[in-house]
Amino acid sequence: MLSGKTVAEHNTRESCWIIVHGKVYDVTEFFGRKIILKYAGKDATQEYEPIHPPDAITTNLPPEKHLGPVEPDTVEKVVVEISDEEKARQERISNRPSLDEILNLHDFEAIAKQVLPEKAWAYYSSASDDEITLRDNHAAYHRIWFRPRILRDVTKVDWSTTILGHKSSMPVYISATALGKLGHPDGELNLTRAAAKYGVIQMIPTLASCSFDEIVDTAQPGQVQFFQLYVNKDRAITKKLVQHAESRGVKALFITVDAPQLGRREKDMRMKFEAEDPSVVSKSGSQGVDRSQGAARAISSFIDPGLNWDDLDWFKSITKMPIILKGVQCWEDALQAYDAGVAGVVLSNHGGRQLDFSRSGIEVLVEVVVNLKEKRGLSFPNEKFALFVDGGVRRATDVLKAVALGATAVGVGRPFLYSFCAYGTEGVEKAIKILHDEFEMNMRLLGARTLKEVVPEMVDASNLQSHTVVPRDDLYANNYESMKYAQLKGS
Ligand code: 173
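1. Comments concerning the site of the ligand
Lining the immediate surroundings of the ligand are Y123, A178, L207, Y230, L262, R265, A296, I299, S300, H350 and R353. Here an oxygen atom of the ligand sits 2.8 Å away from a polar atom, N or O, in the side chain of Y123. One of the side-chain nitrogen or oxygen atoms of Y230 is found 2.4 Å away from an oxygen atom of the ligand. Looking at the shell around the ligand residue by residue, the class counts come to seven nonpolar, two polar and two charged.

2. Looking at the packing of aromatic side chains
Within this structure, the stated rule accounts for 13 aromatic pairs. Arranged with centres 6.1 Å apart and planes meeting at 40°, the rings of Y173 and F254 form a pair that is tilted. Here Y173 is found in strand β7 (residues 172–174), whereas its partner F254 is found in strand β10 (residues 253–256), with 81 residues between them in sequence. Judged by relative accessible area, F254 falls into the buried class, the value being 0%. Aromatic pair Y173 and F388: ring centres 5.6 Å apart, planes at 85°, arrangement edge-to-face. Pair noted here: Y173 is in strand β7 and F388 is in strand β13 (residues 386–390), with a separation of 215 residues, a long-range link. On the accessibility criterion, Y173 (1% relative accessible area) is buried.

3. Looking at helix α6 (residues 105–115)
Those residues of α6 that sit buried are L105, F108, I111, A112 and V115. Buried residues of α6 fall within an arc of 115° about the axis and therefore sit on the same side. Where α6 begins, the side chain of N104 points an oxygen toward the backbone nitrogen of H106, at a separation of 3.0 Å.

4. A few points about the confidence of the model for the chain
Residue-level pLDDT values for the chain average 92, and 94% of them are 70 or greater. Note that pLDDT drops below 50 for residues 276–288; the model gives that stretch 42 contacts with residues more than four away or on any other chain. Complex prediction metrics read pTM 0.91 and ipTM 0.95.

5. Observations regarding the sheet that holds strand β3 (residues 66–69)
Spatial strand order, β1-β2-β3: three strands in an open sheet with antiparallel pairing. The open sheet has two edge strands with one neighbour each: β1 (17–20) and β3. Neighbour-to-neighbour, the strand axes of the sheet open up by a mean angle of 25°, direction not taken into account.

6. Observations concerning the environment of L355
In this fold, L355 is placed in the loop between β12 (344–347) and α17 (361–376). Among the residues examined, L355 registers a relative accessible area of 57% and is labelled exposed. It is 9.5 Å that separates the C-alpha atoms of L355 and E131, two residues lying 224 residues apart in sequence. When near neighbours in sequence (up to four residues on either side) are disregarded, L355 contacts S128 and T133.

7. A closer look at the side chain of D26
Within the fold, D26 resides in strand β2 (residues 23–26). For D26, which is buried and forms no salt bridge, the nearest opposite charge comes from K65, at a distance of 5.7 Å. Within polar-contact distance, the side chain of D26 engages the side chain of T28 at 2.5 Å. Excluding anything up to four places from it in sequence, D26 contacts C16, W17, L61, K65 and L67.

8. Re the side chain of Q225
When you line up the elements, Q225 lands in strand β9 (residues 225–229). At 3.4 Å, the side chain of Q225 and the backbone oxygen of I215 are in polar contact. Each residue touching Q225, except ones within four places of it in the same chain, is listed here: T192, I201, Q202, I204, I215, V216, A219, V250, K251 and A252.

Reading guide: rules and limits
- Residues numbered from 1 in each chain as written.
- Predicted model: local features only at pLDDT ≥ 70, side-chain atom pairs only at ≥ 80, totals over all residues.
- Heavy atoms only, no water.
- Near = heavy atom within 4 Å.
- Polar contact = N/O pair within 3.5 Å; in protein donor to acceptor, adjacent residues only side chain to side chain.
- Nonpolar A, V, L, I, M, F, W, Y, C, P; charged D, E, K, R; others polar.
- Phe/Tyr/Trp six-rings, centres within 6.5 Å; stacked < 30°, edge-to-face > 60°.
- Helix = DSSP H or I, 4+ residues; strand = E, 2+ residues; numbered from the N terminus.
- Buried < 20%, exposed > 50% of the residue type's maximum accessible area, 1.4 Å probe, protein only.
- Arc of directions from axis to C-beta.
- pLDDT = per-residue confidence, 0-100.
- Contact = heavy atoms within 4.5 Å.
- Pairing = 2+ DSSP bridges.
- Axes fitted to C-alpha atoms, helices over the stretch in contact; angles between N-to-C directions.
- Lys, Arg positive; Asp, Glu negative; His and termini not counted.
- Salt bridge = Lys/Arg side-chain N within 4 Å of Asp/Glu carboxyl O.

Next up, the structure:
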């Protein structure tokens with residue numbers, strides 16, 4: 001066993017070791033990265049833990065760089081000074097309202113904003129460019145109004161459904177969001193546990209902080225999980241991930257197709273995220289990681305911008321899981337996806353984090369339904385070709401609007417993420433319960449006893465495509481010099 005003292009001697013460009021979870025690694029080749037400089041010869045676990053799956057370093061550094069365990073008592077603790085800012089944050093955490101006081105999904109966001117470390121909030125909440133799409137994702141639901149039916153016996157209402165043939169307690173699934181441990185030590189496992197309890201399907205992200213196996217191991221027997229895939233330039237890595245997911249019982253593969261390059265999320269970029277560790281990055285097969293560009297960009301360079309329609313046959317050849325394209329943004333691509341024989345599409349703009357001024361998923365849904373009916377005779381919801389929508393959903397009414405317009409189910413990302421950042425697993429449970437409550441009431445008020453009765457005639461979406469009200473452009477608005485009225489002399 002190595003002693004802490006020996007490790008401490010290896011803190012130079014010539015030989016640089018670090019300790020993670022009680023084991024010593026030779027990371028000399030990464031010397032120069034800020035985090036390595038900071039922890040050269042020391043225990044880096046604290047810094048490593050929130051960002052990387054526990055197995056990332058072991059699977060990515062070649063075995064000869066694994067130097068073995070360190071004698072725990074001989075390691076000097078790295079004292080991280082608690083800043084005044086951090087003390088204030090801890091204070092805010094202890095002053096959180098009790099869960100009973102949380103009434104809706106917006107509340108979780110408001111609390112998360114106050115209790116998250118600044119970097120985590122910047123990463124999670126950011127969207128691309130002027131964040132116009134981010135805001136329209138939510139605003140688009142305000143352009144749809146209900147046409148409820150009366151005098152139907154709504155004593156019993158049932159909003160359960162099936163998603164790709166799997167039972168779900170509601171037409172909502174937990175969408176993939178990366179880096180869960182930035183916001184809570186248990187990261188994505190909070191979602192897994194709550195999803196198990198309430199019969200909701202979780203989509204596991206490629207870039208989860210917890211390892212894929214941890215997330216699958218945490219699931220209950222029979223619990224359904226999907227997998228979100230970022231396709232690596234190195235297809236051998238992708239093949240391994242996909243086949244491993246299938247062998248572990250994952251039920252569907254959602255391939256992200258809207259991120260050949262990560263959007264500029266300026267709130268995140270201003271934080272200058274330091275993903276200095278070699279593990280996740282090299283796991284993803286990246287070189288030349290740009291560390292000045294925020295959390296997402298720092299770890300995203302492995303994603304293959306060359307991914308194209310011709311690759312779909314290859315995916316079909318390596319897995320039997322149904323394939324869904326996540327990030328479709330117009331009917332032409334939805335039609336091509338259908339013709340290519342995939343099982344569905346997610347009409348999504350990646351939570352407003354990719355192309356600014358891409359339209360909301362709910363808006364795209366309408367044109368997809370019209371054109372696939374016209375050109376292929378399909379009606380929706382359709383068991384052979386599922387239409388999912390995500391982005392901006394905060395209420396069961398939002399979900400019911402999407403269902404009325406033909407969606408099989410709706411993805412919810414940030415609100416579930418914020419619910420565990422603010423309150424851990426219990427927060428996610430509460431978020432799901434809130435949605436259930438909202439479904440019950442709104443189904444009754446709509447006059448729909450099952451989701452089959454939530455039909456297109458129940459909504460007026462005639463203004464959905466109208467972009468006459470554009471979300472405020474905050475950056476521009478702050479720079480813009482207002483016009484002035486004529487002034488009286490001396491005033
Ligand atoms: O939206 C994201 O932040 C995202 O999908 C992502 C992509 C690559 C790396 C990290 C996150």
